[in-house]
Amino acid sequence: MSHTLTPIDFRRNSQHVAPPLRAATQKNTRTAVLKRAEAVEQLGDALWQQLRQAAHDARLHTLLHLDEYLLQLEAQVTQAGGYVHWANDAAEARRIVLEIARQHAVQRVVKVKSMLSEEIELNEALRDAGIAALETDLGEYLVQLDGSRPSHPTAPALHMTKEDIAALLRAKLGVDAPPDPQVLTEIARTRLREEFLAAEMGLSGGNFLVAETGTLVLVTNEGNGRMCTSLPPVHVAVVGIEKTIPNWDTLAVLLNLLPRSTTGQQITSYVTCITGTRAGGPREFHLVLLDNGRTRILRDERARETLLCIRCGACANICPVYNTVGGHAYGWVYTGPIGAILSPQLIGTTLARDLPFASSLCGACADICPVKIPIPEILLHLRHRVVEGDAFAAPAAPPILRAGAQGVGLALGMPLLYEIGTQLLRRAQFPLKRGAWLPTLPPPLNRWTMTRPLPAFGATIRDWMRARTPGGAVRVRARNLALALAAVGAIVLGLVFAFNRRRGK
Ligand code: SF4
């Protein structure tokens, strides 16, 4: 897709997480999780679950009829005086935006809701064309000043403390900036006001596109959304096609879920609804509808629910892996559990082959997701695609890994084989066992024990249950011995057979 992407090395990235960054991430995510829980409690669990199901069903229905809703959306936007552009990929979207900018001799652009424009590397394209693009979400603004990447889907500067921000503003703006959130916000606000007034073009993303009226919806808290989309004479919105929803009823459901999941608010400070051009607003409104791999995701029945995402960030807040490694370890625009399933599908499992494995599969992300995306199931599906190789770039995994995965799959599907395997493991572990632990394993298994010991294999739960019946303990011992002997016998026979065949040749 892009000209600058390199393979994401999640393992390496996660080894270089500075402790203060981890601490700041954990403090901020904990606050977000607690606020969300309070907001959900106020609504009541029964109603919350109904809303989640309704949102899931409505979003899935839209995706399955996306062709119809997109045409309806286009017709409505056009009727309201806007222009609709279709972009197949990132390069086409950049070309469209640059063309509009050229037509209006744009020198300065102010931006809001920029995640998608980062996906298509729009800032770099604007810079190369001599156009200054300024992020105006406070977190994005700070990250841009810092020259780094956002670390969270909704809180781009989540990894920064107020002390970090004060130091950044002092260094980059040369102002007196104490570590006081109110003063720091005031400094950014003063700077940004001048930029809103000077910019010739406002560039936005969008939370939702309402097909029945052709309305772009922005959900914000800082007021910059309205500034960006009303002060400059031209407004260009670049939005992924999956953000389309059928009608305002669906919007009402989603607006109940999104702010509660993101910040624990009942509603955000601003919900901006833009339908075409309007009196007192920009003279021109352009909507760029971006595919960039989304229809390919839609074709994969087992992964298409990825596109239901409303980018609330709740899955990242609750995720133990995200909380340990921070957002930058995910190596691209999308972070946390949603990044682990979305990035491999957008940029390919070759570049992002680590990400589906960046999860403990605890399931907390699926439990918290307001639109009920089955993230663990999609992670497993993508792991399978990485190992087997898929039509979108990933070559198959090395034969030894494939054979191992197939062996485990076979054993898990056949109870007798599984029991024989566990008996063999229990016996094979003796030389390595220290008390109840296996402190060091041979390569390549030592990648686990380099950082923590592995509990030794004990009795299986089946044996534990069997031993609780009268005379069960003796029967279990005898059975396990027989299984182990049978396994050893089968291995010896196999070796003899292989040896004879080799000699026969
Ligand atoms: S996957 Fe669900 S929880 Fe995560 S950002 Fe998307 S909507 Fe929110």
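Basis of the calculations
- Residues numbered from 1 in each chain as written.
- Predicted model: local features only at pLDDT ≥ 70, side-chain atom pairs only at ≥ 80, totals over all residues.
- Helix = DSSP H or I, 4+ residues; strand = E, 2+ residues; numbered from the N terminus.
- Buried ≥ 20, exposed ≤ 12 C-beta atoms within 10 Å, placed from the backbone.
- Contact = placed C-beta atoms within 7 Å.
- Axes fitted to C-alpha atoms, helices over the stretch in contact; angles between N-to-C directions.
- Parallel < 35°, antiparallel > 145°, perpendicular 65-115°, else oblique.
- Left-handed = near helix turned anticlockwise from the far one by under 90°.
- Nonpolar A, V, L, I, M, F, W, Y, C, P; charged D, E, K, R; others polar.
- Expected span 1.5 Å × (residues − 1).
- Bend = angle between axes of the 7 residues up to and from the residue.
- Pairing = 2+ DSSP bridges.
- Domains from an automatic or database assignment.
- Core = buried A, V, L, I, M, F, W, Y, C linked by C-beta atoms within 7 Å.

## As for the overall build of the protein chain
For step 1, the next point in the chain: Regarding its fold elements, the protein chain presents 23 helices and 12 strands.
For step 2, the next point in the chain: C-alpha atoms of the protein chain, sized along the principal axes, occupy 85 × 55 × 50 Å.
For step 3, the next point in the chain: Every one of the 505 residues in the protein chain was classed for burial, and the buried ones make up 40%.
For step 4, the next point in the chain: Considering only contacts in the protein chain between residues 6 or more positions apart, those separated by 24 or more positions represent 72%.

## Examining the packing of helix α3 (residues 45–64) against helix α12 (residues 248–262)
For step 1, the next point in the chain: With their axes 9 Å apart at the nearest point, α3 and α12 run at an angle of 130° to one another. With respect to their mutual orientation, α3 and α12 come out oblique. As α3 packs across α12, the resulting crossing turns out to be left-handed. Packed against α3, whose contacting residues are L51, R52, A54, A55 and A58, the element α12 presents T250, V253, L254, N256 and L257 at the interface.
For step 2, the next point in the chain: Grouping the constituent residues of the contact of α3 with α12 by class yields 7 nonpolar, 2 polar and 1 charged.

## Re α12
For step 1, the next point in the chain: Helix length check: α12, at 15 residues, gives a terminal C-alpha distance of 21 Å against a target of 21 Å (1.5 Å per residue), a fit within 8%.
For step 2, the next point in the chain: At L254, α12 is bent by approximately 25°, the largest bend along its length.
For step 3, the next point in the chain: Of all the positions in α12, only T250, L251, V253, L254, L255, N256, L257, L258, P259, R260, S261 and T262 are classed as buried.
For step 4, the next point in the chain: G264 sits one or two positions beyond α12 and adopts a positive phi of about 75°.

## A closer look at the sheet that holds strand β4 (residues 201–204)
For step 1, the next point in the chain: Spatially, the 6 strands line up as an open sheet ordered β1-β10-β7-β4-β2-β3, and their pairing is parallel. Pairing within the sheet leaves two strands with one partner each, and these edge strands are β1 (83–87) and β3 (132–135). Here the strands of the sheet are splayed against their neighbours by 20° on average, with no regard to which way each runs.
For step 2, the next point in the chain: Both β1 and strand β10 (residues 284–290) contribute to a ladder of 5 bridges, which runs parallel.

## Here's the deal with the domain arrangement of the protein chain
For step 1, the next point in the chain: Taken domain by domain, the protein chain comprises domain 1 (137–198) and domain 2 (399–504).
For step 2, the next point in the chain: Here the C-alpha centre of domain 2 lies 56 Å away from the C-alpha centre of domain 1.

## Examining the packing of helix α19 (residues 399–413) against helix α20 (residues 415–428)
For step 1, the next point in the chain: At a closest axis distance of 5 Å, the pairing of α19 and α20 adopts a crossing angle of 115°. In terms of axis orientation, α19 runs roughly perpendicular to α20. Of the residues in α20, those touching α19 at L410, A411 and L412 are L417, Y418 and G421.
For step 2, the next point in the chain: Per-class residue counts for the contact of α19 with α20 are 5 nonpolar, 1 polar and no charged.

## Considerations on unusual backbone geometry
For step 1, the next point in the chain: A positive phi angle, close to 55°, is found at E121, a residue other than glycine.
For step 2, the next point in the chain: As for its position among the elements, E121 is in the loop between α6 (115–119) and α7 (122–128).
For step 3, the next point in the chain: Taking the number of C-beta atoms within 10 Å as the measure of exposure, E121 has 19 and is therefore partly exposed.

## Some remarks on the sheet that holds strand β9 (residues 270–275)
For step 1, the next point in the chain: With mixed pairing, the 4 strands of this open sheet are ordered in space as β8-β5-β6-β9. The open sheet has two edge strands with one neighbour each: β8 (244–245) and β9.
For step 2, the next point in the chain: Two strands pair when backbone bridges link them, and strand β5 (residues 208–210) and β8 are joined in this way by 2 bridges, in the parallel orientation. Note that in β8 the partner of L209 across the bridge is T244.

## Concerning the environment of M465
For step 1, the next point in the chain: Relative to the helices and strands, M465 resides in helix α22 (residues 461–466).
For step 2, the next point in the chain: On a C-alpha basis, the gap between M465 and L287 in space is 63 Å, while along the polypeptide they are 178 residues apart.

## Focus on the pairing of strand β2 (residues 108–112)
Two faces belong to every sheet, and in a regular strand the side chains alternate between them.
For step 1, the next point in the chain: Among the 5 residues in β2, 4 count as buried, and that is most of the element.
For step 2, the next point in the chain: Inspection of the sheet shows β2 paired to β3 by 4 bridges, in the parallel sense. When the bridges of β3 are listed, V110 appears paired with L134.
For step 3, the next point in the chain: Judged from the 4 bridges that link them, β2 and β4 form a sheet pairing that is parallel. Residue pairing in the sheet places K111 in a bridge with L203 of β4.

## Topic: the nonpolar core
What tends to happen in soluble globular proteins is that the nonpolar side chains get buried as a cluster.
For step 1, the next point in the chain: By size, the foremost hydrophobic cluster in this structure holds 96 residues, and its most contacted members are V238, L254, V288, L290 and C315.
For step 2, the next point in the chain: Those residues in contact with C315 that lie beyond four places of it in its chain are G336, P337, I338, C365, I368, C369 and I375.
For step 3, the next point in the chain: In terms of nonpolar packing, the next biggest core, distinct from the first, is built from 18 residues, A155, I165, L168 and L184 among them.

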